[in-house]
2 protein chains.
Amino acid sequence: MSRVATWSEIEPALAGVDLLEEMSLGFQAYSAGDCVVPPVGELLLEESRGEVHIKYGYVRGGEHYVIKIASGFPGNPALGLPVGDGLMLLFRQDTGALARVLFDEGHLTDERTAAAGALASRTMAPPTVERIGILGAGVQARLQAKHHAGVFPDAEFMVWGRDAEKSAACAAELSGAGIPARSAEDVERLSRECQVIVTTTAAKESLLASDWVQPGTHVTAVGSDTPEKQEVEVTLLARADKVACDSLEQCRLRGEVSQALRAGAISEEEVVELGAILSGDAAGRGSSEEVTVCDLTGVAVQDLRIAEAVNAALA
Amino acid sequence: MSRVATWSEIEPALAGVDLLEEMSLGFQAYSAGDCVVPPVGELLLEESRGEVHIKYGYVRGGEHYVIKIASGFPGNPALGLPVGDGLMLLFRQDTGALARVLFDEGHLTDERTAAAGALASRTMAPPTVERIGILGAGVQARLQAKHHAGVFPDAEFMVWGRDAEKSAACAAELSGAGIPARSAEDVERLSRECQVIVTTTAAKESLLASDWVQPGTHVTAVGSDTPEKQEVEVTLLARADKVACDSLEQCRLRGEVSQALRAGAISEEEVVELGAILSGDAAGRGSSEEVTVCDLTGVAVQDLRIAEAVNAALA
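Residues numbered from 1 in each chain as written. Chains lettered and ligands numbered in written order. Predicted model: local features only at pLDDT ≥ 70, side-chain atom pairs only at ≥ 80, totals over all residues. Heavy atoms only, no water.

Draft legend 1. Here's a closer look at the nonpolar core. All names here are of chain A. Membership of the largest hydrophobic core comes to 60 residues, with the highest contact counts inside it found for Leu102, Leu108, Ile132, Phe157 and Ile306. With seven residues, helix α3 (residues 107-124) is the single largest residue contributor to this core. Viewed by domain, this core spans two of them, domain 1 (4-108 + 301-314) and domain 2 (113-300), each represented by three or more residues. In this structure leucine 102 touches Ala5, Ile10, Leu87, Met88, Leu108, Ala307, Val310 and Leu314, once residues within four positions along its chain are discounted. (Core = buried A, V, L, I, M, F, W, Y, C linked by side-chain atoms within 4.5 Å. Buried < 20%, exposed > 50% of the residue type's maximum accessible area, 1.4 Å probe, protein only. Helix = DSSP H or I, 4+ residues; strand = E, 2+ residues; numbered from the N terminus. Domains from an automatic or database assignment. Contact = heavy atoms within 4.5 Å.)

See the structure below:
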């Protein structure tokens, strides 16, 4: 059954993949209108026990289509199990033949999300980045730091989380892995010292105030992917010289952009897609003093690109 | 990877499963309103190259949810590949954990469809069945004969297909497997001689005329599962003393019932669900002289029941 791969096989294969390049190609195809992505399928279990999302789609003219199944069961940690699980299925576009099953346990979603964050920061950050601030101290915070360290090898990291102990543990773990990091006492301090800020929490009220953010800062907002979640004050998006997102269609309804649109802080015409900046169809940062924001909510083409890249690396 | 099973492992496990009982429990749960079945997900490839359907759902209070992925690629036979492929994924309702992947290549869908047909005939046929007629001479015709032979061990079979050679081959194959069968010259002859008629073709115009069907006949209509396909004259449904179907919601839009409703030949109030007959909530056949019809379009709870039964047999 060579077509089935578990995380222990996927992880080493992933190490050889240029994930930022994969995400870049994916976002460009998406913004060029080359993707077919039907509505997300959703299965809700009884008594809010859990929920399952089925995301699927393909790039026209490509080799594969992907079907990703991801679940979240909030009661799992009490049973010693991870909250989330996931797998990806890759099929050939010409015959429907199953090319690969990736039992990635959701790790590929975490990785593609972090790589997209680092790509957004690489694309929109000011020329000089000395310090990068991460809000959140969980799995996604660690992965964002890892991928940002690849883009900004000389930068130091500051980590802030609601739980000071967890922030310290996260910073220590990163430092131990060769990524210089320390924990921040509060978000204000972090904001005033960092030229790139990455938000990875599940907050439902703004954590990052516009007043704290210095000129010449880029914010990559990753945590909010629903209509309710919010990490960034809408006034920061209003103030920003450039607001980008992964998918205009999706960000009308979800994420920081949707919050700012609903609040009337920005208009849709002010928002550009990251894929359009990457392809040169839209302008990105205009000067080193600008404030920029990129809102990422996650699109199926990211799953397709990472699954295809892993599949090729395994072959 | 004990959680992954291929058809070579599934087929022997299936042999020990009482599929008609599984289908009966499934239809009863469905008709009692105990099932959660979101809309079918659909992915259409470019240039009508192929289509993919994602069916998923669960029975409230049950152990698993199922996600079935089935594809049809019309150009595959020219490449020496089967048109259809499929797999089923079974997850635990309490944790979302993947319980089993069944790489069944679509065989489980064929089997559950045939078992449902035999169950419908067992439930609605007249007391004495000497001959069973099958319209169609393909995979589903063979499987319907196999499952009907289990229910009606003393019956003879007649097979009719558009291609006389294929009909003869199908009848010979069945006879060779210990199921007495001969091919029929035409549908009228078959209809006049059989007390149970099972339709398994992809016809888009009626094959079975009401006038040919004798009193005391039951028809199980399996082939039509879209708004366009039709195998049975709508006047037969109008004439029938009892019309049943697997899912009223689905049969409003698809299958023989939808044809008869659109033609004004029957009204929705005259149609009952097979699950309701099985549970005793609705009446079935009233006398040995009645004409009855059961229209099957396929529901996700059948996939769930067969996948759970195979999973248990493999464990």
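Draft legend 2. Main features of the sheet that holds strand β14 (residues 271-273) of chain A. Residue and element names in this part refer to chain A. Pairing is parallel in the open sheet, where eight strands are placed in the order β10-β9-β8-β11-β12-β15-β13-β14. The open sheet has two free edges, formed respectively by β10 (181-183) and β14, since each of these has just one partner strand. In this sheet, adjacent strand axes meet at a mean angle of 20° when their direction is disregarded. Relative to strand β12 (residues 218-221), α3 is tilted by about 160°, and along the sheet it contacts β11 (196-199), β12, β13 (242-245) and β15 (292-295). (Pairing = 2+ DSSP bridges. Axes fitted to C-alpha atoms, helices over the stretch in contact; angles between N-to-C directions.)

Draft legend 3. Broad picture of the interface of chain B and chain A. In this complex, chain B contributes 39 residues to the contact, which on the side of chain A involves 40 residues. Note on chain B versus chain A: buried area summed over both sides is about 3100 Å², and carbon and sulfur give 71% of it. Between chain B and chain A we count zero salt bridges in total. Here chain B and chain A share 10 residue pairs in polar contact (both at pLDDT 80 or more) between them. Of all the secondary-structure elements, those providing two or more residues to the side of chain B that touches chain A are β1 (4-6), β3 (41-44), β4 (51-59), β5 (64-72), β6 (84-92) and β7 (98-103) of chain B. With five residues, β4 of chain B is the largest single contributor of residues to the side of chain B that touches chain A. (Buried area = accessible area lost by both parts, 1.4 Å probe. Salt bridge = Lys/Arg side-chain N within 4 Å of Asp/Glu carboxyl O. Polar contact = N/O pair within 3.5 Å; in protein donor to acceptor, adjacent residues only side chain to side chain.)

Draft legend 4. Representation of the relation of the copies chain B and chain A in the model. At an RMSD of 0.1 Å, chain B and chain A line up after a rotation of 179° and a shift of 0.0 Å along the axis. Taken together, the rotation and translation describe the operation of a two-fold axis. No C-alpha of chain B lies nearer the rotation axis than that of glycine 41 of chain B, which sits 3.3 Å from it. A high fraction, 100%, of the interface residues of chain B reappear at the interface in chain A, so the copies pair face to face through one surface. (Least-squares fit on C-alpha atoms with pLDDT ≥ 70 in both.)

Draft legend 5. Main features of the domain arrangement of chain A. All names here are of chain A. According to the domain assignment, chain A contains domain 1 (4-108 + 301-314) and domain 2 (113-300). Here domain 1 and domain 2 have C-alpha centroids that lie 23 Å from each other. Taken together, the contact pairs 16 residues of domain 1 with 20 residues of domain 2. In total, about 1500 Å² of surface goes out of reach between domain 1 and domain 2, with carbon and sulfur atoms giving 63% of it. Inspection of the domain 1/domain 2 interface yields seven residue pairs in polar contact (both at pLDDT 80 or more). Here the element with the most residues in the side of domain 1 that touches domain 2 is helix α2 (residues 19-31); it accounts for eight residues. For the side of domain 1 that touches domain 2, the class distribution of residues is 10 nonpolar, four polar and two charged. (Nonpolar A, V, L, I, M, F, W, Y, C, P; charged D, E, K, R; others polar.)

Draft legend 6. Local environment of the pairing of β4 of chain B. Residue and element names in this part refer to chain B. By the bridge criterion, two bridges tie strand β2 (residues 35-36) to β4 in an arrangement that is antiparallel. The partner of cysteine 35 across the bridge, within β4, is valine 59. Pairing between β3 and β4: four bridges, direction antiparallel. Counted as the bridge partner of glycine 41 is isoleucine 54 from β4.

Draft legend 7. Highlighting helix α3 (residues 107-124) of chain B. Its 18 residues give α3 of chain B an end-to-end C-alpha distance of 26 Å, which sits within 8% of 26 Å, the value for a rise of 1.5 Å per residue. Counting buried residues in α3 of chain B gives 14 out of 18 residues, a clear majority hidden from the surface. (Expected span 1.5 Å × (residues − 1).)

Draft legend 8. Region of interest: the packing of helix α1 (residues 7-15) of chain A against helix α11 (residues 300-314) of chain A. Residues and elements named next belong to chain A. Where α1 meets α11, the axes come as close as 9 Å, and the angle between the chain directions of the two elements is 95°. If you check the angle between α1 and α11, you find them roughly perpendicular. The segment α1 lies against α11, with Glu9, Ile10, Ala13 and Leu14 engaging Ile306, Val310, Ala313 and Leu314. Among the residues making up the contact of α1 with α11, the classes are represented as seven nonpolar, no polar and one charged. (Parallel < 35°, antiparallel > 145°, perpendicular 65-115°, else oblique.)

Draft legend 9. Geometry of the packing of aromatic side chains. Evaluation of the coordinates by the stated rule reveals two aromatic pairs over all chains. On the basis of an interplanar angle of 15° and a centroid distance of 5.0 Å, the ring pair of tyrosine 65 of chain A and phenylalanine 91 of chain A is categorised as stacked. Here tyrosine 65 of chain A is found in strand β5 (residues 64-72), whereas its partner phenylalanine 91 of chain A is found in strand β6 (residues 84-92), with 26 residues between them in sequence. As far as the burial class goes, tyrosine 65 of chain A and phenylalanine 91 of chain A line up, both buried. Its end group placed over the ring of phenylalanine 103 of chain B, arginine 3 of chain A keeps NZ or CZ at 4.3 Å from the ring centre. (Phe/Tyr/Trp six-rings, centres within 6.5 Å; stacked < 30°, edge-to-face > 60°. Lys NZ or Arg CZ within 6 Å of the ring centre and 35° of its normal.)

Draft legend 10. Summary view of the environment of alanine 312 of chain A. Examined against the element boundaries, alanine 312 of chain A turns out to sit in helix α11. Along the chain, alanine 312 of chain A and leucine 14 of chain A lie 298 residues apart, while their C-alpha atoms are 10.0 Å from each other.

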